[in-house]
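One letter stands for each residue in the lines below.
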Amino acid sequence: MKKLIYLLALLCTATGCSTKKEEVIKLVTNGESSYTIVIPPDATPVEVRAASFLHDHILKISGADLPVVSFGETLPEQCIYISSDPQIVTGDGFSIATAGSSLIIKGGIERGCIYAVSELLERYLGVRWYSPDYAVIPQQNSISLPAIDITGSSPNSYRNVNGAFTLNTDYKDFNRLHHISDMFADRYFVHTFNRLVPWETWFAGNPEYFSFMNGKRIIDQLCLTNPDVLRLTIEKLKEEMALQPEKVFWSVSQGDNFSYCQCEECSKIIGEEGSPAGPIIHFVNRIAEEFPDKVISTLAYQYSRKAPEKVKPRENVQIMLCTIELNRSIPIANDPGSKSFITDLQDWGRISNHIFLWDYTVDFAHSISPFPNLHTLQPNINLFVQNNVREHFQQTNTGTGHEFAELKAYLLSKLLWNPEADAKEIIREFTDGYYGKGGKWIRKYIASLERELKESGERLDIYGPPTNHQNTFLSEKNIKRYSRFLEKAEKAASGDRHHHLHVRTAMMPLQYAIMEIGKNDMFGPRGWYREVDGDFISRPEMTSMLESFYQTSIDCNSAPVNESGLSPEQYYTSTKRFIDVQVKGNLAFRKKVIADPPPAEKYSGGDLSYLTNGVRGASDFKVHWLGWEAQNFTLILDLEEVTEAKSIEISTLWEQKSWILHPASVACLVSEDGTDYSLLGKQVVEGDQRQEDVTRLFSFDAWGKSYKYVKFEVEGTLRLFDWHPSAGGGSWVFVDEIVVR
Ligand SMILES: [Zn+2]
């Protein structure tokens, strides 16, 4: 402590002798520098990081290799002094000031020193980290700085733009972002009930530990009024905390489903508190009481989003409030449909001063598709901040190739740091820097998308396909206009290989939308084929778009196209399969199919003609697939006349994240009269389907048979396997094109 006071006194003296505005620091002259970067003798990891961050950038900019030294008896005459200062009120705040010919950087005790360096690099040296792969570090032989006397701080103490980008430490530090591990214990971030009291261990012997619903116990959630559940949770946390003693934040939170316990005791509390959040907060408070030095985090999510009426979360309870249900086309505050969320936000704000806001800002089912919500980001962040939220989790799941991922993450990082910043100017600066001469056309594209969406008055859904908007902001006419902007952007940016690739990457979402809309209307005006006299001729502009999309995805090293992890390559392959229409020589084409029981109506309208329309299902389960939930079923195809066709095929889909598995088995039978069937074969899917191909073809050999009817007996797995996050839940079987040749 003594040392610290001494240092502070010395620095005050140094700052005290600070002088006139016009004074400049000649940091580097012709690649040489007489400056030293100085940190305290017992420097913290943050001070060390700040010094090396500055050192590395100055080296890259100018070639000057400034020594980094620990503070000795006296400060060197020309130095950049970096140290944390507990007197700076916010942990991430900072000050930068010239003092004589030196520069004094002080940071709040969290990460203030690092952010001071990023401010210096950004504001005075023109450095930008637009993406982990693309930083602008202007080269200059000499660096001089004007007289500086600035401070910086953010109202927000935690700023997470979640996704792959923040795995790059330079990107993350420069843009002042956090990672999950900056706050939470490893594996204790969210949805932890089953980690704390695993059903695999306890359900068989003690079903009463789990949720009671519709007359029986199920594994989905815990019964939070059961005293043994409380005891087991505390015991488990004690064990886990011993392994990560330095971690403060521990999540005790509901599973990702709606099946909360409705036993007599739980229901009583739900009734008294007016919300299923009631039993959760009572439960979590007891745990927080047990661990006064820790923060226990819990969800206010879906069924628990409404605040309880009586119980208040303890001081050391963090409420993770989630916006998953909301519309994204207009700011939350302006949306009548989001009123109940604002009420919930205010209600939680009244009983807790520790809200962690979990917001959703992209399309998770179609990550590479137009999602014009940039204009909503600032008003939404402001709404949260005005309601006393200081911790922000923006679930953007950013990955290269995703719609404006770099821009969105950049804008969010700036707004989370300073909610009052000029969003328009940030977008302008980013688009000019990232797309070069293509920037102004990209801005026109963005503005045009936003205008058309606004005009449509439509909702923007975080799981919505582009076909939702095919007659509005993604109409044929609008897409033509967007395409013109993007073509101009591409041409303008062609002189710089980085800018050019960035523009091509920005073109992928529109290409994706065009291709997906085309799949929805294969033989129609926007489809992949033209029907000419009963023949189907593929449109070359569509197939070349698929090739271009795929090539760009390789060049930019694109992340998966959806939350389920479908890779661009899988998308390419399944699209090729989809557009390989089964018309010529396919005896099943446009023949009648009956099903027992019928498929669910919510997919492709349960319309069985999809099974013989000549088009195979796409990678998206909502396109051209029929689904059956947790049941076995039979399909009968009527070929209208007796045939001796030699092969019979049917396909199924695997998309475990959406609870869709391949069937357990498919049997194929044929008959001439529709009464007596003979079995061609039965194919079984082995194993627990942890990893499977997205589509699976069941192909049967019908050599030497003559038949008019084909019957498939499909057995589902009925339940999700133990490895699945929703193990035990009802699984789906999705079936598409039947082909007979
Ligand atoms: Zn219960």
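The residue numbers shown here count from 1 along each chain, following its written sequence. With pLDDT at 70 or above as the cut-off, local features in this predicted model cover only qualifying residues; side-chain atom pairs require 80 or more to be listed or tallied, and sums for whole chains, interfaces and linings still use all residues.

### A look at the overall build of the chain
Filter applied, for reference: To qualify as a helix, a DSSP run of H or I must reach at least 4 residues; to qualify as a strand, a run of E must reach at least 2; elements of each kind are numbered from the N terminus. Only the C-alpha atoms count toward the radius of gyration. The rule for a globule is 2.2 Å times the residue count to the power 0.38. Think of it this way: build a C-beta for each residue from its backbone, and any pair within 7 Å is a contact.
For the chain, the helix and strand inventory stands at 18 helices and 29 strands. A globule of 741 residues ought to have a C-alpha radius of gyration of about 27 Å, and the chain, at 30 Å, matches this closely. If you line up the chain on its principal axes, its C-alpha atoms span 105 × 70 × 45 Å. Contacts spanning at least 24 positions in sequence make up 71% of the contacts within the chain whose residues lie at least 6 apart.

### Things to note about the sheet that holds strand E16 (residues 317-322)
To be explicit about the condition: Here, any two strands with at least 2 DSSP bridges between them count as paired. Axes, fitted as lines to C-alpha atoms, cover a helix only where it is in contact. Angles between the N-to-C directions of the axes lie from 0 to 180 degrees.
Strands sit in the order E11-E18-E17-E16-E15-E14 across an open sheet of 6 strands; the sheet is parallel. Each of the sheet's edge strands pairs with one partner strand only, and the pair in question is strand E11 (158-163) and strand E14 (249-251). The sheet shows a mean angle of 25° between the axes of neighbouring strands, direction not considered. As judged from the 5 bridges shared by strand E15 (residues 295-300) and E16, these two strands associate in the parallel manner.

### A closer look at helix H2 (residues 45-62)
What counts, and what does not: A helix is expected to span 1.5 Å for every residue after the first. Buried, partly exposed and exposed are defined by the number of other C-beta atoms within 10 Å of a residue's own C-beta, namely 20 or more, between the two limits, and 12 or fewer respectively, with C-beta atoms placed from the backbone. What the arc describes is the spread of directions from the helix axis to the C-beta atoms.
Between its first and last C-alpha, H2 extends 26 Å over 18 residues, near the 26 Å set by a 1.5 Å rise per residue. Turning to H2, its buried residues are Val-46, Glu-47, Ala-50, Ala-51, Phe-53, Leu-54, His-57, Ile-58, Ile-61 and Ser-62. Looking down the long axis of H2, one finds its buried residues gathered within 160° of arc, a one-sided arrangement. One or two residues past the end of H2 sits Gly-63, with phi positive at roughly 85°.

### Section: the domain arrangement of the chain
Cut-off, in case you're wondering: The start and end points of each domain follow an automatic or database-based domain assignment.
Its domain assignment divides the chain into domain 1 (2-153), domain 2 (184-299), domain 3 (445-576) and domain 4 (582-740). Placing a centre on the C-alpha atoms of domain 2 and another on those of domain 3 gives a separation of 44 Å.

### Points about unusual backbone geometry
Asp-596 connects to Pro-597 through a cis peptide bond whose omega is -10°. The residue Pro-597 is located in the loop between strand E21 (592-596) and strand E22 (626-629) in this model. In this structure, His-191 takes a positive phi of about 55° despite not being glycine. The topology assignment puts His-191 in the loop between helix H4 (169-174) and helix H5 (193-196). We classify His-191 as partly exposed; it has 15 C-beta atoms within 10 Å. Positive phi, close to 75°, is recorded for Glu-640, a residue that is not glycine. Relative to the assigned elements, Glu-640 resides in strand E23 (residues 633-643). We classify Glu-640 as exposed; it has 11 C-beta atoms within 10 Å.

### Digging into helix H12 (residues 405-417)
With 13 residues, H12 extends 18 Å between its outermost C-alpha atoms, agreeing within 8% with the 18 Å of an ideal straight helix rising 1.5 Å per residue. Judged by how many residues are buried, H12 sits mostly within the fold: 13 of 13 residues are covered.

### Considerations on the pairing of strand E19 (residues 529-532)
As defined by bridge partners, E19 adjoins strand E20 (residues 535-538) across 4 bridges and the pair is classed as antiparallel. Bridge pairing links Arg-530 to Ile-537 in E20.

### Digging into the packing of helix H13 (residues 423-435) against helix H14 (residues 439-456)
How we decide: Here the word oblique covers every angle except those under 35 degrees (roughly parallel), over 145 (roughly antiparallel) and from 65 to 115 (roughly perpendicular). Definitions for this section: a left-handed crossing has its near helix turned counterclockwise from the far helix by less than a right angle. A right-handed crossing has that turn clockwise.
Their axes nearest at 8 Å, the elements H13 and H14 cross at an angle of 130°. The angle between H13 and H14 falls in the class oblique. Crossing of H13 over H14 shows right-handed handedness. For the pair H13 and H14, the contacting residues are Ile-427, Arg-428, Thr-431, Asp-432 and Tyr-435 in the first and Gly-439, Ile-442 and Arg-443 in the second.

### Structural notes on the environment of Lys-440
With respect to the secondary-structure elements, Lys-440 resides in helix H14. The class for Lys-440 is partly exposed, based on 16 C-beta atoms found within 10 Å. Sequence-wise, Lys-440 and Lys-488 are 48 residues apart; in three dimensions their C-alpha atoms are separated by 9.6 Å.

### Topic: the sheet that holds strand E29 (residues 732-740)
Pairing is antiparallel across the open sheet formed by 4 strands, whose spatial order is E22-E29-E24-E27. Every interior strand has two partners, whereas the edge strands, E22 and strand E27 (695-701), have only one. Here the strands of the sheet are splayed against their neighbours by 30° on average, with no regard to which way each runs. The pairing of E22 with E29 spans 4 bridges and is antiparallel.

### Considering the pairing of strand E28 (residues 707-715)
Bridge analysis of E23 against E28 gives 7 bridges, and the strand direction is antiparallel. Each residue of the ladder has a partner; that of Asp-638, found in E28, is Tyr-709. With 7 bridges joining them, strand E25 (residues 665-671) and E28 adopt antiparallel strand pairing. Paired with Val-670 across the strands is Val-710, a residue of E28.

### Some points on the environment of Phe-94
By the element assignment, Phe-94 lies in strand E5 (residues 94-99). Take Phe-94: there are 28 C-beta atoms within 10 Å of it, and that puts it in the buried class. In this structure, the C-alpha to C-alpha distance between Phe-94 and Ser-83, residues 11 residues apart in sequence, is 9.9 Å. Every residue in contact with Phe-94, bar those within four places of it in the chain, is listed here: Ile-88, Ile-105, Lys-106, Gly-107, Gly-108, Gly-112, Cys-113, Tyr-115, Ala-116, Glu-119, Thr-151 and Gly-152.

### Some words on the confidence of the model for the chain
Rules: pLDDT runs from 0 to 100 and stands for how confident the predictor is about each residue.
Here the chain averages 93 in pLDDT, while 97% of its residues score no lower than 70. Across residues 1-21, where pLDDT falls below 50, the model places 20 contacts with residues more than four positions away in sequence or in other chains.

### Regarding the environment of Asp-607
Relative to the helices and strands, Asp-607 resides in the loop between E21 and E22. Expressed as a C-alpha distance, the spacing of Asp-607 and Lys-236, which sit 371 residues apart in the sequence, is 50 Å.

### Details of the packing of helix H17 (residues 540-555) against helix H18 (residues 568-579)
The condition that has to hold: Note on residue classes: Ala, Val, Leu, Ile, Met, Phe, Trp, Tyr, Cys and Pro are nonpolar, Asp, Glu, Lys and Arg are charged, and everything else, Gly too, is polar.
At a closest axis distance of 10 Å, the pairing of H17 and H18 adopts a crossing angle of 165°. As the angle between them shows, H17 and H18 are arranged roughly antiparallel. Of the two elements, H17 crosses H18, and the hand of that crossing is left-handed. Note on element contacts: H18 touches H17 through Pro-568, Tyr-572 and Thr-575, opposite Leu-546, Tyr-550 and Ser-553. Within the contact of H17 with H18, the residues separate by chemical class into 4 nonpolar, 2 polar and no charged.

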